[in-house]
Structures are given as C-alpha cells and as structure tokens.
Amino acid sequence: MLLIIASILFLIFFYRRLRVKKITPASFGLCILICIIVNFFAFAPRFSDPLAGFFGFGRGLDLLLVLGYGILVYAIFRLYVKIDELNRNTTELVRALAIKDEIKLEDIDNEEE
C-alpha cells in the first residue's frame, strides 16, 4: 500500500514538473514506466523470482534493490560529469569576459579613491 501511495506522489510531482516544462515528455514517460514496473513487481513478486534466479539472486526483491542501487550510482556519476562540465564552462566564460573587459587592479584602486 505504501508503494502505491509513493508511486502516485512520484507521478504527481513529475506531472507538475512536466506542466511547467522543467522535464520533457520522454522523461515523464520514463517515470510512468518505472512506476508501472515497480508496482507490477510489488503486486506480483513471483514474476520477478525467475528473472532473479537467472542473474544469481535468491529473490526478485534482491534483484530490484541491486538494480536500483546501480541506477543511483550511474545517476550520481552522470551528475558529477555534468557539474564538472558546467564548472569548466563557467571558468572559460569568466576568463573570456575578463579578457574582453580588461579589468585591471589599478582601475579598481583608482575607483575606490
């Protein structure tokens, strides 16, 4: 029951973000797909057991937890790469603006006097 409520809240949150165009329709579709899969395995855990056995896990829940952990690690890695790229772009932009404006320390000292 808790999983159903969490899924509904998850979908409402992402639907609001979709309405204000903070996410794409494809991202929202992925969220819907994830909710459907998670709820399916919550209501019918026996269907995930053969898949878990194929990958060497004892229960389907163990497989889902490991997959969730792997997805989170991948997402964190992607965020790290994106933040590093934004940091480099910001540094290049600041350097270009500084060269363009040619702000010198002497000019700043003269303005203070």
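Caption draft 1: Region of the structure containing the packing of aromatic side chains. Within the structure shown, the criterion is met by six aromatic pairs. On the numbers, 6.0 Å between centres and 55 degrees between planes, the contact of Tyr-15 with Phe-28 is tilted. Pair noted here: Tyr-15 is in helix H1 (residues 2-19) and Phe-28 is in helix H2 (residues 25-43), with a separation of 13 residues, a long-range link. Each member of the aromatic cluster is reached from another via a ring pair, and the members are Phe-10, Phe-13 and Phe-14.

Caption draft 2: Region of the structure containing the side chain of Ser-7. One can find Ser-7 in helix H1. Taking relative accessible area as the criterion, Ser-7 reaches 8% and is therefore assigned buried. Setting aside residues no more than four positions away along its own chain, Ser-7 makes contact with Cys-35 and Asn-39.

Caption draft 3: Local environment of the packing of H1 against H2. It is at 10 Å that the axes of H1 and H2 come closest, and there the two elements cross at 175 degrees. Classified by the angle their axes make, H1 and H2 are roughly antiparallel. Counting all contacts with H1, which are made through Leu-3, Ile-4, Ser-7, Phe-10, Leu-11, Phe-14, Tyr-15 and Leu-18, the residues of H2 involved are Pro-25, Phe-28, Cys-31, Ile-32, Cys-35, Val-38, Asn-39, Ala-42 and Phe-43.

Caption draft 4: Region of the structure containing the side chain of Ser-48. Among the secondary structure elements, Ser-48 is positioned in helix H3 (residues 48-54). Leaving out residues up to four positions away in the same chain, Ser-48 has contacts with Phe-41 and Gly-60.

Caption draft 5: Spatial organisation of the environment of Ser-27. Within the secondary structure layout, Ser-27 lies in helix H2. Separated by 13 residues in the primary sequence, Ser-27 and Phe-14 place their C-alpha atoms 8.8 Å from one another.

Caption draft 6: The arrangement of unusual backbone geometry in detail. Phi angles above zero are rare outside glycine, and Lys-21 is one such case at about 60 degrees. Positionally, Lys-21 belongs in the loop between H1 and H2.

Rules and cut-offs
- Residues numbered from 1 in each chain as written.
- Predicted model: local features only at pLDDT ≥ 70, side-chain atom pairs only at ≥ 80, totals over all residues.
- Heavy atoms only, no water.
- Phe/Tyr/Trp six-rings, centres within 6.5 Å; stacked < 30°, edge-to-face > 60°.
- Helix = DSSP H or I, 4+ residues; strand = E, 2+ residues; numbered from the N terminus.
- Buried < 20%, exposed > 50% of the residue type's maximum accessible area, 1.4 Å probe, protein only.
- Contact = heavy atoms within 4.5 Å.
- Axes fitted to C-alpha atoms, helices over the stretch in contact; angles between N-to-C directions.
- Parallel < 35°, antiparallel > 145°, perpendicular 65-115°, else oblique.

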